[in-house]
Amino acid sequence: MDFSLTREQQLAKEMLEKFVENEVRPIAAEIDETEEFPIETVKKMARLGMMGIPFEREIGGAGGDFITYIMAVEELAKACATTSVVLSAHTSLCCWPIYAYGTDEQKAKYLPKLLKGEHLGAFALTEPNAGTDAASQQTTAKLEGDYYTLNGSKVFITNGGYADIFIVFAMTDRSKGTKGISAFIVEKGFEGFSLGKIEDKMGIRASSTAELIFKDCKVPKENLLGKEGIGFKIAMSTLDGGRIGIAAQALGIAEGALNEAVKYMKERKQFGKPIATFQGLQFYIADMATRVEAAKNLVYKAAWKKQTGQNYSLDAAMAKLYASETAMYVTTKAVQIFGGYGFTKDYPVERMMRDAKITEIYEGTSEVQKMVISANILK
Amino acid sequence: MNILVFIKQVPDTNEVRIDPKTGTLIRDGVPSIINPDDKNAIEEALRIKEEHGAKVTVVTMGPPQAEKALREALAMGVDEAVLLTDRAFAGADTWATSLVLAKAAEKLGYDLIFAGRQAIDGDTAQVGPEIAEHLNLPQVTYVEKVEVLDGKVRVRRAMEDGYETLLVKTPCLLTCIKELNNPRYMNIYDIFTCYAKEIKKMGIDDLGLDKEEVGLVGSPTKVKKSFTKGPKAQGEKFDVPPHEAATIVCEKLKGMHLI
Ligand SMILES: Cc1cc2nc3c(=O)[nH]c(=O)nc-3n(C[C@H](O)[C@H](O)[C@H](O)COP(=O)(O)OP(=O)(O)OC[C@H]3O[C@@H](n4cnc5c(N)ncnc54)[C@H](O)[C@@H]3O)c2cc1C
Ligand SMILES: Cc1cc2nc3c(=O)[nH]c(=O)nc-3n(C[C@H](O)[C@H](O)[C@H](O)COP(=O)(O)OP(=O)(O)OC[C@H]3O[C@@H](n4cnc5c(N)ncnc54)[C@H](O)[C@@H]3O)c2cc1C
C-alpha cells in the first residue's frame, strides 16, 4: 500500500497551493458578498490546464490524472467553495459524460474547447418536480426530422448563467419510464433555449445556479448523447464520478476551516492565555482533525479506484456522505471556536459554514447516499 | 535564438543559517525553491520565446537534488534543462561558480543569457556579472524591461532614482529583478511531461576544466569566520530634557572608551 503522491502530483500540489493563495483566497469573501461569478479566475485556471486535468492531451486535455483533478477541487475549496464547484461541475458533469459516451464526432467537436477552458460546461438533470426522484423527468424531447424538439425546464443548474455547453436530460419515450430518458448536448445559443431565474443562495453564492427554459428548443439529432433511452444510466454514472468531486470540495472546506481555527486559537487570548491552551477546545481540534483525516482517506481511496479502473460507486457515495457531514461538523465547530467573531463577516469561517451545507444536498442528498450505500451492502 | 537561463536552487527562507565551524550554509530541513529573481529570468525567456520563437534552456550548478529546480522550470514551460554537477564543484565561491557556468554556456551555445540579479542565500549578486566577464560579453544588471530587436536588445536598467535605457548588441547577459515581470505558475500540461524529459548532466570533464579551477580549491575567497549577529542587549531609557541627555550620552561613551 502506498499513500504518497507521485512526483507529478506533488508538483501539481505546489502549483495549486500557490495559485489558490495568490488568485483565489484574496477574492473569496468579496465574490461571496457580490455573487459575481469568478470568470477571470476561470480564465486563469484555463491557461494552466486546470479545466481539463484528467483528460488526454490528444483530445485537448491537460494530460494529468483523476487524483490531481480531485486535488485541484480540494485545494480550491480550502479557500473558496464557489470556485471549486465551478471546476467540479465543468469537469465531472459535462466533460466526463461527453468523453465517456460521446461519438468521435461529438468528442472532436466539443471536448477540445471544453478541456482548454474556452468553453464552460454544465449538467441539467434537476427539475422543479424531479429532484431526488430524478427519473420523473417532465422535460420532453421529440424527434422531428433532423432535430429533437425539447420542451420543459430545469432548475438549480450549476454554472448555468455562464456555461456554453449543457448536458440536458429529457424524456424521449414516457411509456418506458427510466428507460425512456435520453441525454443531449445543448449549446448556449440553440434556438428556443433561454435562462430563467438565477438563485440567491445561502452558500457558494458566486456560483451561478440557474433555471433553464426549453421552448421548442431545436437540438440537432447528432447531439443525442449515447443512444435514446440510456439517459438515466448516463446521469447516474456521471453522478457517481461527480460525487468524488463534491466529496473533495467538502473535504477542502473542512480543511480550510480547521486551518483557520488552529490559527485563531493560538492568537486569541482569554483568561490571560491563548484559547488553544483550553482542553475543551483542544478536544474539538482533535475531533475535527480526525474526521478530516478520515474524510481525506475516503475521498482519495474513491479517486484512486476511479483512476485505476475499479468500481467506485460505493466508495464515492461513502466519501461524499462522510466528507459533507465532516464539512458541516468542522465548519460549525470552527465558528464556535471563533466565538462572536466567528459569527461576523470579519472572518471566513461563517462563509465556510454556509458553503459547507450544500455539499450534503447536491449530486444526491445525504439520504440518497445512504440509499446507494445500503443498496450496495444489502444486495 | 538560443536563450540560456541560469537558475539557482535556494532554501525557501531569508534566514539561512550558517554552520559556524565550516562557514558554509546549512540546508538540511529547509525546503528548496528556485531563487525568486531567477523565476523572473525564466518568465522573460519564455515571454520572448512566445513572441519571437526561441529555445529556452535552464542551467544550474548544484548537487543532484538541484534536479527538482530544473523539473520545476520544465513544468513552467522551458524546453531543456542542464544540471552541472560534480563532487569537485562543491564549496565553490562566486568566482569558481561563475567559471563553471561560463564554460557550460560556451559548450551549450547562446544568443542571450539571463541570470537573476541576486540569490537570496549567497546574496552577493556577483555570479551574473562574473559569467559575462568570463565570456567577455556585454552585460546589463538590474534589468526591469527587455525588448528584442534585430541583433540587439533594448533594456531598461533600474536605478535608485530612475532608470537607464540601453541598446545592447547580442549576445549579451542580463540580470533580472522582480520588477521585470510576473513569473508564471507551473502548469498541468508541463507538470505531467516534465519528468519524462531528459536532463542533461555535465561534470568537470565535460566542461574541460581542471580540479584546481573549481570548487573549494578553485575559490580565492577564504571565509575566515562567519557568524550570526547576536541579539543586542536592551538599551537604557532616560526620560530627560535634551541638554541633560547630551551629558548622559557623553558620560556613557567616555565610560566605554569610545570618546
Ligand atoms: C446550489 C445548487 C446547485 C445545484 N446544481 C445542480 C446541477 O448542476 N445540476 C442538477 O441537475 N441539479 C443541481 N442541483 C439540484 C440538486 O441536486 C437537488 O436539489 C437535489 O438532488 C435534491 O433535490 P430537491 O431539491 O428537489 O429535494 P427533494 O428531492 O424534494 O428532497 C427533499 C428532502 O427529502 C429527502 N428525500 C427525498 N426522497 C427521499 C427518499 N426516498 N427517502 C428519504 N429521503 C428522501 C431528501 O434527501 C431531502 O432531504 C443543485 C442544487 C443546488 C441547491
Ligand atoms: C569559501 C566559500 C565556500 C562556499 N561553500 C559553499 C557550499 O559549500 N555550498 C553552498 O551552497 N554555497 C557555498 N558558498 C556560497 C557560494 O559561493 C554562492 O552560493 C554561489 O557562488 C553563488 O553566489 P550567490 O549565492 O551570491 O549568487 P548571486 O551572485 O547572488 O546570484 C546571482 C545569479 O547568479 C546565478 N547563479 C548563482 N549561483 C548559481 C548556480 N549555482 N547555478 C546557476 N546559476 C547560479 C543565478 O541566476 C542567480 O540569480 C561558498 C562561498 C564561499 C565564499
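Described below are features of the structure shown in this document. (Residues numbered from 1 in each chain as written. Chains lettered and ligands numbered in written order. Predicted model: local features only at pLDDT ≥ 70, side-chain atom pairs only at ≥ 80, totals over all residues. Heavy atoms only, no water.)

Focus on the overall build of chain B
Just so we agree on the cut-off: Numbered from the N terminus, helices here are DSSP runs of H or I no shorter than four residues, and strands are runs of E no shorter than two. Only protein chains enter the accessibility calculation, which uses a 1.4 Å probe. A residue is then buried if its area is under 20% of the maximum for its type, exposed if over 50%, and partly exposed in between. Here a residue-residue contact requires only that any non-hydrogen atoms of the pair lie within 4.5 Å.
On a plain count of helices and strands, chain B comes out with 7 helices and 11 strands. Referenced to the eigenvectors of the C-alpha coordinate spread, the extents of chain B come out at roughly 70 × 40 × 40 Å. The 259 residues of chain B split such that 44% are buried. Sequence separation of 24 or more characterises 71% of the internal contacts of chain B that already satisfy a separation of 6 or more.

Observations concerning the overall build of chain A
Let me state the cut-off plainly: The globule rule used for comparison is 2.2 Å times the number of residues to the exponent 0.38, while the radius of gyration itself is calculated over C-alpha atoms. Per-residue and other accessible areas were derived by the Shrake-Rupley procedure at a 1.4 Å probe size, with only the shown protein chains allowed to occlude residues. Charge assignment: positive for Lys and Arg, negative for Asp and Glu; neither His nor the chain ends contribute. To locate a charge, take atom NZ for lysine, CZ for arginine, CG for aspartate or CD for glutamate.
Per the secondary structure count, chain A includes 10 helices and 10 strands. Scaling as 2.2 N^0.38, a compact globule of 379 residues should have a C-alpha radius of gyration of about 21 Å, and chain A matches this with 21 Å. The principal-axis extent of the C-alpha atoms belonging to chain A is close to 80 × 45 × 40 Å. Expressed as a percentage of the 379 residues in chain A, the buried residues total 57%. Here the analysis covers contacts within chain A between residues at least 6 apart in sequence; of these, 73% occur between residues at least 24 apart. As displayed, chain A offers around 16,200 Å² of accessible surface, 54% of which is attributable to carbon and sulfur atoms. Seen as two clouds, the 46 positive and the 48 negative side-chain charges of chain A have centres 3 Å apart.

A word on the site of ligand 1
Residue and element names in this part refer to chain A. Cut-off, in case you're wondering: Any residue with a non-hydrogen atom lying within 4 Å of a molecule or strand is treated as near it. Whenever a nitrogen or oxygen atom comes within 3.5 Å of another N or O atom, the pair is scored as a polar contact, on the condition that within protein one atom can donate a hydrogen and the other can accept it, and that pairs from neighbouring residues in sequence are kept only if both atoms are in side chains.
With respect to spatial proximity, 18 residues lie near ligand 1, and among them Thr126, Thr132, Phe156, Thr365 and Glu367 are the closest. Within the contact set of ligand 1, an oxygen atom lies 2.6 Å away from a side-chain nitrogen or oxygen of threonine 132. Contact between ligand 1 and glutamate 367: an oxygen atom at 2.7 Å from a side-chain N or O atom of the residue. When ligand 1 is considered free in solution it has 980 Å² of accessible area, and contact with the protein chains removes 64% of it.

Comments concerning unusual backbone geometry
The omega angle of the peptide bond from threonine 170 of chain B to proline 171 of chain B is 0°, so this bond is cis rather than trans. Tracing the chain through its elements places proline 171 of chain B in the loop between strand S9 (162–169) and strand S10 (172–176). Of note in the backbone geometry, aspartate 216 of chain A takes a positive phi value of approximately 50° without being a glycine. As for its placement among the helices and strands, aspartate 216 of chain A is situated in strand S7 (residues 209–220). Even without glycine at this site, aspartate 123 of chain B takes up a positive phi of about 70°. Assignment of secondary structure puts aspartate 123 of chain B in the loop between strand S6 (112–116) and helix H4 (127–135). A residue is classified by how much of its surface remains accessible, and aspartate 123 of chain B, at 43% relative accessible area, is partly exposed.

Let's talk about the state of the cysteines
Put simply, the rule reads: The disulfide definition used here is simple: a pair of cysteine sulfur atoms within 2.5 Å.
This model, assessed by the stated rule, comprises 0 disulfides over all chains. Looking at the unpaired cysteine 80 of chain A, the closest cysteine sulfur is the one in cysteine 95 of chain A, lying at 19 Å. There is no disulfide at cysteine 172 of chain B, and the cysteine sulfur nearest it, in cysteine 176 of chain B, is 11 Å away. Judged by its relative accessible area of 0%, cysteine 172 of chain B is buried.

Looking at helix H4 (residues 81–101) of chain A
Inclusion rule: Multiplying 1.5 Å by the residue count of a helix minus one yields the expected span of that helix. One fitted axis covers the seven residues ending at a residue, a second covers the seven starting there, and the bend at that residue is the angle between these axes.
Along its 21 residues, H4 of chain A runs 29 Å from first to last C-alpha, staying within 8% of the 30 Å computed at 1.5 Å per residue. Where H4 of chain A bends most, at cysteine 95 of chain A, the angle is about 35°, and the proline proline 97 of chain A comes one to four residues later.

Function-wise, these values are silent; they only describe arrangement.
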